[in-house]
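Observations on the model geometry
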Amino acid sequence: MPILIDKGYKSTPISNIEYITRPDKVTDDNGKKWVETFNMSSTINSSAKEMYDEFELINKLHNKNKGYNENKYYHIIINFRKNDNVTQEMAMNIGKKYIHLIYPGHQAIMGAHSDTDEIHFHACVNSVCMEDGHKETRWLKELAKRKDLVNKIAFEMYNIQPFDWRKARDEK
């Protein structure tokens, strides 16, 4: 049951990048680090500062994200239940597909964490598209479609049963 959280933040993304790429969170039992970048020259061996600098380069190139009251990045989290039996590889594949479909042309740093009982995916996505400079915006009706999309991706890729977020919302 994948549960999606996709939120915008007005602060700089460096602390988020540091968190997503922390070795104690992304390294599996065999020593493999489950971190990837998308639309970036930075690699998993780059520092958080180098990754942040790439975000800033795109922001400056397109003259965006200069004001305090603007979403500078989006932090995406996809949580899985323990009984879904999701591995870090599976979480990374589901998360990558979501990022590629929802944020084409945007820079992203992605990590699959195994530091809790439940595997989960994180991504930090620049709000500015590197290709054409448009800023990603959020609408509530789009979030519903995105939650459904994560359910669909997880089911199609790994037969993970969908999370009925509408029912959970109505029961609150």
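Notes on the structure follow.

What counts, and where the lines are drawn
Residues numbered from 1 in each chain as written. Predicted model: local features only at pLDDT ≥ 70, side-chain atom pairs only at ≥ 80, totals over all residues. Heavy atoms only, no water. Helix = DSSP H or I, 4+ residues; strand = E, 2+ residues; numbered from the N terminus. Rg over C-alpha atoms; globule rule 2.2 N^0.38 Å. Buried < 20%, exposed > 50% of the residue type's maximum accessible area, 1.4 Å probe, protein only. Areas by Shrake-Rupley, 256 points an atom, 1.4 Å probe, with all protein chains shown as cover. Lys, Arg positive; Asp, Glu negative; His and termini not counted. Charge placed at Lys NZ, Arg CZ, Asp CG, Glu CD. Salt bridge = Lys/Arg side-chain N within 4 Å of Asp/Glu carboxyl O. Contact = heavy atoms within 4.5 Å. Pairing = 2+ DSSP bridges. Core = buried A, V, L, I, M, F, W, Y, C linked by side-chain atoms within 4.5 Å. Axes fitted to C-alpha atoms, helices over the stretch in contact; angles between N-to-C directions. Expected span 1.5 Å × (residues − 1). Arc of directions from axis to C-beta.

1. Describing the overall build of the protein
A count of helices and strands for the protein gives 6 helices and 5 strands. Listed N to C, the secondary structure of the protein is β-α-α-β-α-β-α-β-β-α-α in terms of helices and strands. For 172 residues, the compact-globule estimate of 2.2 N^0.38 gives 16 Å, and the C-alpha radius of gyration of the protein, at 16 Å, lies within 12% of that figure. Taken along its principal axes, the extent of the C-alpha atoms in the protein is 45 × 40 × 25 Å. Within the protein, buried positions represent 45% of all 172 residues. As displayed, the protein offers around 9200 Å² of accessible surface, 51% of which is attributable to carbon and sulfur atoms. The positive charge centre, built from 26 side chains, and the negative charge centre, built from 25, are 6 Å apart in the protein.

2. Concerning the side chain of Asp-28
With respect to the secondary-structure elements, Asp-28 resides in the loop between α2 (23–26) and β2 (35–38). Lys-32 provides the closest opposite charge to the buried, unpaired Asp-28, separated from it by 6.7 Å. Sequence-distant contacts of Asp-28, that is, excluding residues within four places in its chain, are made with Trp-34 and Gln-88.

3. Quick word on the pairing of strand β3 (residues 73–79)
Sheet faces and side chains relate simply in a regular strand, where the side chains alternate between the two faces. Judged by how many residues are buried, β3 sits mostly within the fold: 6 of 7 residues are covered. Relative to strand β5 (residues 120–129), β3 runs antiparallel, the two sharing 7 bridges. Residue pairing across strands places Ile-76 opposite Ala-123, the latter belonging to β5.

4. Considering the nonpolar core
Ranked by size, the top nonpolar core spans 28 residues in total, and within it Ile-76, Ile-78, Tyr-98, Ile-99, Tyr-103, Met-110 and Phe-121 carry the most contacts. The dominant element in this core, judged by the number of residues it contributes, is helix α4 (residues 88–102), at 7 residues. Excluding residues that lie within four positions of it along the chain, Ile-76 makes contacts with Leu-4, Ile-5, Asp-6, Tyr-98, Ile-99, Tyr-103, Phe-121, His-122, Ala-123 and Val-125. Counting residues in each nonpolar core, the second largest holds 10 residues, with Ile-20, Ala-48, Phe-55 and Tyr-73 among its members.

5. Section: the sheet that holds strand β1 (residues 3–9)
Spatially, the 5 strands line up as an open sheet ordered β1-β3-β5-β4-β2, and their pairing is antiparallel. Strand pairing shows two members of the sheet lacking a second neighbour, β1 and β2, which therefore form its edges. The average angle at which neighbouring strand axes cross in this sheet is 15 degrees, direction not considered. Running over the sheet, helix α3 (residues 48–61) touches β2, β3, β4 (106–113) and β5 and is turned about 30 degrees from β5.

6. Considering α3
For α3, which comprises 14 residues, the first-to-last C-alpha distance of 20 Å matches the rise-based estimate of 20 Å (1.5 Å per residue) to within 8%. When we look at burial in α3, the residues that qualify are Ala-48, Met-51, Tyr-52, Glu-54, Phe-55, Ile-58 and Asn-59. Around the axis of α3, the buried residues are gathered within 150 degrees of arc, so they sit on the same side. Of the exposed residues in α3, those oriented more than 90 degrees away from the buried face are Leu-57, Lys-60 and Leu-61. For α3, the secondary structure elements touched by its buried residues are α1 (14–20), β2, β3, β4 and β5. Immediately beyond the C-terminal end of α3, within one or two residues, lies Asn-63, with a positive phi of roughly 55 degrees.

These figures capture arrangement, not role.
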